Amino acid sequence: MVTVSPSLAYTLHLPRDPRAPGIGRATLRTVLAAHDLTQLIPTAELLAAELLANAHLHTDGPYALRLRAAESGRVRIGVWDSDPTVPRGFDAPGAVPPDMSENGRGLNLVRACADTWGAYALGGDRGGKLLWAECQRG
């Protein structure tokens, strides 16, 4: 008998609520465990935490967590928000905040821990942007 694994493709819409990033991380852990990708959880959760925190801190509206299978053993974590401006940490590689700055290191952390990453502004009715990062089995 042939079995088919369900596709890893999930979107979680999150309200502008301080609990939303935690709910997104919990959802990510559950989805990866359900797809037998538990070894990706530590890195994927770190990536999601930074992207979700960025959306929560720097936008005024709702945002969404997207999880997709990119290739065998690789997952793409994306966070959409309504602001079309790509943050400096993603569009200017190597940009580092001043030594004493309390903010601005999260997206550099994403770039350092992800296997690949990117961002793009979205057109159309929804607008906004999508920041994404991928990680894979070691």
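Residues numbered from 1 in each chain as written. Predicted model: local features only at pLDDT ≥ 70, side-chain atom pairs only at ≥ 80, totals over all residues. Heavy atoms only, no water.

(A) Region of the structure containing the pattern of salt bridges. For the structure on display, the rule yields six salt bridges. The partner of arginine 25 in a salt bridge is glutamate 45, with the nearest N and O atoms 3.9 Å apart. Here glutamate 45 lies in helix α2 (residues 41-58) and arginine 25 lies in helix α1 (residues 20-34), a separation of 20 residues in the sequence. The class of arginine 25 is partly exposed, set by a relative accessible area of 26%. A salt bridge links arginine 76 to glutamate 134, with the shortest nitrogen-to-oxygen separation between them at 2.7 Å. On the criterion of sequence distance, the pair formed by arginine 76 in strand β3 (residues 74-81) and glutamate 134 in strand β5 (residues 129-136) is long-range, its members being 58 residues apart. With a relative accessible area of 28%, arginine 76 lands in the partly exposed category. Since its relative accessible area comes to 6%, glutamate 134 is described here as buried. Put simply, Arg25, Arg29 and Glu45 are held in one network by salt bridges that share partners. (Salt bridge = Lys/Arg side-chain N within 4 Å of Asp/Glu carboxyl O. Helix = DSSP H or I, 4+ residues; strand = E, 2+ residues; numbered from the N terminus. Buried < 20%, exposed > 50% of the residue type's maximum accessible area, 1.4 Å probe, protein only.)

(B) Spotlight on α2. With 18 residues, α2 should reach 26 Å at 1.5 Å per residue; the first-to-last C-alpha distance of 25 Å fits that figure. When we look at burial in α2, the residues that qualify are Ile41, Ala44, Leu47, Ala48, Leu51, Leu52, Asn54, Ala55 and His56. (Expected span 1.5 Å × (residues − 1).)

Everything listed here is a matter of geometry and, on its own, says nothing about what the molecule does.
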